[in-house]
Structure formats: structure tokens, C-alpha cells
Amino acid sequence: MKNSFSLLITLILITIFSFFTIFIIQTKSLSVSNLTNSYLQTQTKLHLDFFKQYINSLDLKTKCIDELSFDDDIYKLKANISFELSCQSKVPQNITIDIFANAKTLNNEVNLHERLIKQLN
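Just so you know, these numbers come straight off a predicted model, no measurement behind them. Counting starts from 1 at the beginning of each chain's written sequence and moves along it residue by residue. Local features in this predicted model are restricted to residues of pLDDT 70 or higher, and side-chain atom pairs are both shown and tallied only at a pLDDT of 80 or more, whereas totals for entire chains, interfaces and linings draw on every residue. Note that the side-chain values use all heavy atoms of the structure and ignore hydrogens as well as water.

Peer 1: Can you walk me through the nonpolar core in this structure?
Peer 2: Within soluble globular proteins, side chains that are nonpolar generally end up buried alongside one another. Nonpolar core, defined: a set of buried Ala, Val, Leu, Ile, Met, Phe, Trp, Tyr and Cys residues in which side-chain atoms within 4.5 Å join the residues together. Burial classes: relative accessible area under 20% of the type maximum marks a residue as buried, over 50% as exposed, and values in between as partly exposed (1.4 Å probe, protein chains only). In this structure, Phe-51, Ile-55, Leu-68, Ala-79, Ile-97 and Ile-99 are the most contacted members of the largest nonpolar core, which totals 23 residues. Listed by contribution, the elements that provide at least two residues to this core are helix 1 (2–57), strand 2 (75–83), strand 3 (93–104) and strand 4 (109–120). Among all residues touching Ile-99, those that are not within four sequence positions of it are Leu-48, Phe-51, Lys-52, Ile-55, Lys-78, Ala-79, Leu-112, His-113, Glu-114 and Leu-116. Counting from the N terminus, the helices are the DSSP runs of H or I reaching at least four residues and the strands are the DSSP runs of E reaching at least two. Here a residue-residue contact requires only that any non-hydrogen atoms of the pair lie within 4.5 Å.

Now the structure itself:
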């Protein structure tokens, strides 16, 4: 009787500790996944900011550019430029610049978008 009772207690304790172990491993795995996503989001935001600075440094009035893109292994940057009137118009106008940044790895994908409105004289 004592042996069967001790075996039952042992099985119950092993089951309880197994559930706790699985719970802890799942929590750690989720934490690592969140950290990876956060890192990818931060890196994509930095690429987007760099691309925005690059577009602002271009002289869009003399160059009639409708689309600008850069492709890398992980990061894809694309800008759609639309003029209010036309690119050769002498009248002051607004241009709308839509910037898209995409980062894709094997397990994660991050997409960012930013819209700029710039005044041309």
C-alpha cells in the first residue's frame, strides 16, 4: 500500500512540474519572439528615416521622378512621388511622397508607411 501511494504522489508531482515547465518554456519562447520583432521593427524604422532624409535631399523640381526604390536581401524601400500639377510646372505646388518600408525574414515581416507632403516653389 505504501509503495502504490508513493508512486501515485510521484506521478502527480511529475505531472505538475511538467505543466509548469511547459508554461515557462512557452513564456520564454514568446519573449524571444517579441524581442526579435521589436528589433526588426526598430531597424525598419531606421531604414525608413534614412530613406526619408535621402528623398528630402533630392531636387525633385529638376528631376521628374515618379518612383524610387531600393532592394536589399531583407529590406525593400519604395517611394511613390505624385505631383499636384506636373513636375515641369512653374507654379508653386505640393507633392505627395508615400514611403513604404518592408522588412522580411524567414519568420517575421514588418511593413511601415509614411506620407510626406512637400511644398515646391
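Here the narrative resumes.
Peer 1: Could you clarify how one ought to interpret empty space enclosed by the protein in this entry?
Peer 2: Where empty space is left in the structure can be found by rolling a water-sized probe over the atoms. Residues are said to line a cavity or pocket when one of their atoms sits within 4 Å of a point; the points come from a 1 Å grid over protein atoms alone, cavities being sets where a 1.4 Å probe fits but cannot get out and pockets being open sets with protein on both sides within 12 Å along at least five of seven lines. Grid points are joined across faces, edges and corners, and a volume is the space filled by probe spheres set on the points. For the coordinates displayed, the defined rule picks out one cavity of 30 Å³ or more. Split by residue class, the lining of the largest cavity holds four nonpolar, three polar and one charged. For this classification, the nonpolar set comprises Ala, Val, Leu, Ile, Met, Phe, Trp, Tyr, Cys and Pro, the charged set comprises Asp, Glu, Lys and Arg, and every other residue, Gly included, is treated as polar.

Peer 1: What should I look at first to understand the sheet that holds strand 4 in this one?
Peer 2: In sheet architecture, strand pairing relies on hydrogen bonds along the backbone and comes in two forms, parallel and antiparallel. A pair of strands counts as paired when DSSP detects no fewer than two bridges linking them. The sheet built from four strands is open, its strands ordered 1-2-3-4 with antiparallel pairing. For this open sheet the edge positions go to strand 1 (67–71) and strand 4, each flanked by a neighbour on one side alone. Within the sheet, the average angular offset between the axes of one strand and its neighbour, ignoring direction, is 10 degrees. One ladder, built from five bridges, connects strand 1 with strand 2; its direction is antiparallel. The partner of Leu-68 across the bridge, within strand 2, is Ala-79. Every axis corresponds to a line fitted to the C-alpha atoms, with the helix fit spanning only the stretch in contact, and the corresponding angles, defined between N-to-C directions, vary from 0 to 180 degrees.

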